Amino acid sequence: DDSDDDSDDGSMQAIDNQTATYEVPCVGTVTVEVMDGKLTLTDVSAPGWEYMVDSDWNKVKIEFYASEDKAMIEIVLDDYEFKVKIETDFK
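Residues numbered from 1 in each chain as written. Predicted model: local features only at pLDDT ≥ 70, side-chain atom pairs only at ≥ 80, totals over all residues. Heavy atoms only, no water.

Caption draft 1: Representation of the overall build of the chain. Looking only at helices and strands, the chain has zero helices and seven strands in total. Ordered by position from N to C terminus, the α and β elements of the chain give β-β-β-β-β-β-β. Within the chain, the proportion of its 91 residues that are buried is 31%. In the chain, of all internal contacts separated by at least 6 residues, the share reaching a separation of at least 24 is 23%. Surface accessibility of the chain: about 6,300 Å² in total, with carbon and sulfur atoms responsible for 42%. (Helix = DSSP H or I, 4+ residues; strand = E, 2+ residues; numbered from the N terminus. Buried < 20%, exposed > 50% of the residue type's maximum accessible area, 1.4 Å probe, protein only. Contact = heavy atoms within 4.5 Å. Areas by Shrake-Rupley, 256 points an atom, 1.4 Å probe, with all protein chains shown as cover.)

Caption draft 2: Layout of the sheet that holds strand S3 (residues 38-45). Spatially, S1-S2-S3 is the arrangement adopted by the three strands of the open sheet, whose pairing is antiparallel. Pairing within the sheet leaves two strands with one partner each, and these edge strands are strand S1 (18-24) and S3. Ignoring which end each strand starts from, the neighbouring axes of this sheet average 20° apart. Bridging between strand S2 (residues 28-35) and S3 involves seven bridges; their strand directions are antiparallel. For Thr29, the partnering residue across the bridge sits in S3 and is Ser45. (Pairing = 2+ DSSP bridges. Axes fitted to C-alpha atoms, helices over the stretch in contact; angles between N-to-C directions.)

Caption draft 3: Main features of the pairing of strand S6 (residues 69-78). In terms of burial, S6 is a largely internal element, seven of the ten residues being buried. Note that strand S5 (residues 59-66) and S6 share eight bridges and pair antiparallel. Bridge assignment links Lys61 to a residue of S6, and that residue is Glu74. Between the antiparallel neighbours S5 and S6 lie two residues, among them Ser67 with a positive phi of about 45°. Taken together, the nine bridges between S6 and strand S7 (residues 81-89) define a ladder with antiparallel strand orientation. Along S7, the bridge assignment pairs Leu77 with Phe82.

Caption draft 4: Structural detail: the environment of Ile73. For Ile73, the position within the fold is in strand S6. Considered as a pair, Ile73 and Val53 are 20 residues apart in the sequence and their alpha carbons are 9.9 Å apart.

As structure tokens, then:
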């Protein structure tokens, strides 16, 4: 068997550079980019909302605040794809 299957040997594979935009309902949009295997926040458009960003090389988490309303988006780069979690809490 001469197949070149090294999918599970722990070696780093190149991740294509890509950009993705996600909508947080009733809040706005968040755009992230993968560049050189690293996840980067490139844009947040959330008029009227304050927000806090927590990011690492493979994760971007943004918490939004407006009076008593809250929302959150977490984008994780996992196995070369985006895993997205969105939560909203509107009073």
